[in-house]
Each structure stands twice: as structure tokens, then as C-alpha cells.
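Examining the three-dimensional arrangement
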Amino acid sequence: MMSDNPQFQEAAAIFGILHNIWFATPDQAFLNSLNQGVIESWPAHNDIESNALNTLKQSLKSESLKTIKADHFRLFVGAHKKLAYPWGSVYTDPEGLMYGDTTQAFEAFCHDHRIEFKLPYRQPLDHIGIIMATLSRLFAQEGTSQVEDAVKELLGDHLLPWVERFMMSVELNANTEFYRGFSILMREQITYWEHRFQVKAKEIKLFR
């Protein structure tokens, strides 16, 4: 059943949008949906979020679909080197490999919480977009205490140890304000729940 906690419902919607931002190649229909209500209704709880949302409004007016798609490719896909690797294990594995120990740990987390994904092709589950989708599903569930425990575990063990490196890579290397703006919004959202639930990040050595 859907959570009846309005703040959890809001978080579920926001993390669902962030899933689409990082996981899917953007198309015109998605950009139109952002431009026709999503950005306008996105809650701004501080000046950082307000500024990021204003930047995104300008981005959607001035940056073309072609430009945003090209940025998506160079940041997250790339024929060879990617400028912002979206998989956690690339940061936590000594050799920068996918399907490392932290990937397997997140897969076990999803299994324990009965969360399954039908992906268009096989890839590691610790993709930032899939983790955003997992947070969305958890916040949408009924039961405040269970949600809090699961979100704390996900954030502390599977996201906070490496996500800042990902966001820094996006913000340093993006050619568009589109991806830079959404990285800032994601940081604010993650930070809010980290503080709200008093999450302590697991200490994991990073290699990238």
C-alpha cells in the first residue's frame, strides 16, 4: 500500500524523477513533462534548491534535446571512458571494476527487501538511477518505522560512501546546466534525509 505520510510521498516522487534523470536517455516527452509542471511544483526548502530550480527552468528553455542527450552520453555512457561513472563499485573497487563487493552488497539489500527490477539490459544494480528508484519504492511503502530503517541502511551502507564523488564528477564535467542542476537537487535531497534519520555513512575506501 502507498504511504500515507505526505513527506514520504513527496520523497517517493522526487527520487522517482531522479531515477529517470540518471538512468534513462532523455527524450522530448520527458523534457516537456519537466517543463510543464514538474520543475514548477518541485519543493524548494532552501536557497540552494531555489537557485538550482531557477537554473533548470532556464536550462529547459535554452538547452536543446540534442545538447542534453549529448551530455548524457559523454557523462554516463561513453564509448570508452565515462566522465561520471554511475555505478558505485567503480568508486569502491580497488581496480575500478563493476560488479564488485559493494554491488553484491546492494543486490543482497534489494533481495532482503523484496525489491526487483526489470532492466532493459543486464548491468550492475548499484547504478545511481536504480538506487534512486529503490529509494522511491521504499518511501512509497506503508509503515513509517520500516521505511526509516530501510532508508537508513540504504543511505548509510550503499549510497553515502561514494555518491559525493559521482555528484562532483557530474558538476565538474557537465556541459549542460540540466545535469549540473539535478545533481545539486539530488545532493540536497540526500542530505536532508541523512540528517533527518541521523544516518552514519559506512567507512569504505574510495579509489576514484
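Structural data are supplied above this passage.
The following refers to the structure shown. Not measured: the values here are computed from a predicted model. For every chain, the first residue of the written sequence is number 1, and numbering continues from 1 along that sequence. Per-residue local features of the predicted model are confined to residues with pLDDT of at least 70, and side-chain atom pairs are confined, for both listing and counting, to 80 or more; whole-chain, interface and lining totals are unaffected and use all residues. Excluding hydrogens and water, the side-chain figures rest on all heavy atoms present in the structure.

A separate point is the overall build of the chain. Secondary structure elements are defined from DSSP: runs of H or I of at least 4 residues count as helices, runs of E of at least 2 residues count as strands, and each element is numbered from the N terminus. Scanning the chain for helices and strands turns up 10 helices and zero strands. Start at the N end of the chain and walk to the C end: the helices and strands fall as α-α-α-α-α-α-α-α-α-α. In this setup the radius of gyration rests on C-alpha atoms only. A globule is expected at 2.2 Å times the number of residues raised to 0.38. In summary, the chain has a C-alpha radius of gyration of 16 Å against a globular reference of 17 Å for 208 residues, a match within 12%. The buried share of the chain, reckoned over its 208 residues, is 48%. Exposure categories follow from relative accessible area, calculated using a 1.4 Å probe and restricted to protein chains: below 20% of the type maximum is buried, above 50% is exposed, and the middle band is partly exposed.

Here we take up the environment of Trp87. Structurally, Trp87 is set in the loop between α4 (65-77) and α5 (88-92). The exposure class of Trp87 is buried, given its relative accessible area of 11%. Only heavy atoms enter the contact rule, under which two residues are in contact if any of them lie within 4.5 Å. Ignoring sequence-local partners within four residues, the contact set of Trp87 consists of Phe76, Lys82, Met98, Gln123, Pro124, Asp126, His127 and Trp162.

This paragraph deals with the pattern of salt bridges. Here a salt bridge means any side-chain nitrogen of Lys or Arg lying within 4 Å of a carboxyl oxygen belonging to Asp or Glu. Enumeration according to the criterion identifies five salt bridges in this entry. Salt-bridge contacts for Arg187 lead to Glu171; the nearest nitrogen and oxygen are separated by 2.9 Å. Placement of Arg187 in helix α10 (residues 177-196) and of Glu171 in helix α9 (residues 163-173) is noted, with a sequence separation of 16 residues between them. As a salt-bridge pair, Arg180 and Glu177 come within 2.9 Å of each other at their nearest N and O atoms. Here the residue Arg180 and the residue Glu177 both occupy positions in helix α10, the gap between them amounting to three residues, near one helical turn. Among the charged side chains, a network of salt bridges with common partners joins Glu164, Glu171 and Arg187.

Of all the residues in helix α8 (residues 144-159), the buried ones are Val147, Ala150, Val151, Leu154, Leu155, Gly156, His158 and Leu159. Where α8 is buried, its residues meet α1 (6-23), α6 (101-112), α7 (128-140), α9 and α10.

The subject of this paragraph is a negative patch on the surface. Patches here are clusters of residues that have more than 30% relative accessible area and form no salt bridge, with a 9 Å joining cutoff for like charges and a 5 Å cutoff for nonpolar side chains (Val, Leu, Ile, Met, Phe, Trp, Tyr). For accessible areas, the Shrake-Rupley method is used with a probe of radius 1.4 Å. Any residue's cover is judged against the shown protein chains and nothing else. When charges are counted, Lys and Arg contribute as positive and Asp and Glu as negative, whereas His and the chain ends are disregarded. Charged side chains are reduced to one point each, which is NZ for Lys, CZ for Arg, CG for Asp and CD for Glu. A cluster of like negative charges, contributed by Asp112, Asp149, Glu153 and Asp157, occupies part of the molecular surface. In terms of residue count, α8 provides more of the negative patch than any other element does, three residues in total. Note on placement: Asp112 falls in helix α6.

Turning next to unusual backbone geometry. Backbone geometry at Tyr99 places phi at a positive 65°, although glycine is not the residue there. Structurally, the position occupied by Tyr99 is in the loop between α5 and α6. On the basis of relative accessible area, Tyr99 is assigned to the partly exposed category, the value being 31%. We note that Gln198 has phi near 50°; this positive angle belongs to a residue other than glycine.

Glancing now at the packing of α6 against α7. Running from N to C, α6 and α7 cross one another at 25°; their axes reach a closest spacing of 12 Å. Taken together, the axes of α6 and α7 are roughly parallel relative to one another. The crossing of α6 and α7 is left-handed. Every residue of α7 that contacts α6 at Phe106, Phe109 and Cys110 is listed here: Ile130, Ile131, Thr134 and Leu138. Each residue gets one label: Ala, Val, Leu, Ile, Met, Phe, Trp, Tyr, Cys and Pro are nonpolar, Asp, Glu, Lys and Arg are charged, and the others, such as Gly, are polar. Its residues assigned to classes, the contact of α6 with α7 shows six nonpolar, one polar and no charged. Axis geometry follows a simple rule: fit a line to the C-alpha atoms, using only the stretch in contact for helices, then measure angles between N-to-C directions, giving values from 0 to 180 degrees. Every angle not falling under 35 degrees, over 145, or within 65 to 115 is termed oblique; those three ranges are roughly parallel, roughly antiparallel and roughly perpendicular. Crossings are classed by handedness, with left-handed meaning an anticlockwise turn of the near helix from the far one by less than a right angle and right-handed meaning a clockwise turn.

Okay, the packing of aromatic side chains next. Centre distance within 6.5 Å is the pairing criterion for rings of Phe, Tyr and Trp, where only the six-membered ring of Trp is used; planes under 30 degrees apart are then read as stacked, over 60 as edge-to-face, and the remainder as tilted. Considering all chains together, one arrives at 17 aromatic pairs under this definition. Feature note: the residues Trp22, Trp42, Phe76, Phe166, Phe178, Tyr179 and Phe182 constitute an aromatic cluster, connected by ring pairs.

Take α10 next. Compared with the 28 Å implied by 1.5 Å per residue over 20 residues, the 28 Å span of α10 between its first and last C-alpha is a close match. Positive phi appears at Gln198, one or two residues downstream of α10, with a value of about 50°. To estimate how far a helix should extend, the number of its residues minus one is multiplied by 1.5 Å.

Attention now moves to the side chain of Ser59. For Ser59, the position within the fold is in helix α3 (residues 47-62). Judged by relative accessible area, which is 2%, Ser59 ranks as buried. What Ser59 contacts, discounting residues up to four positions off in sequence, is Glu177 and Phe178.

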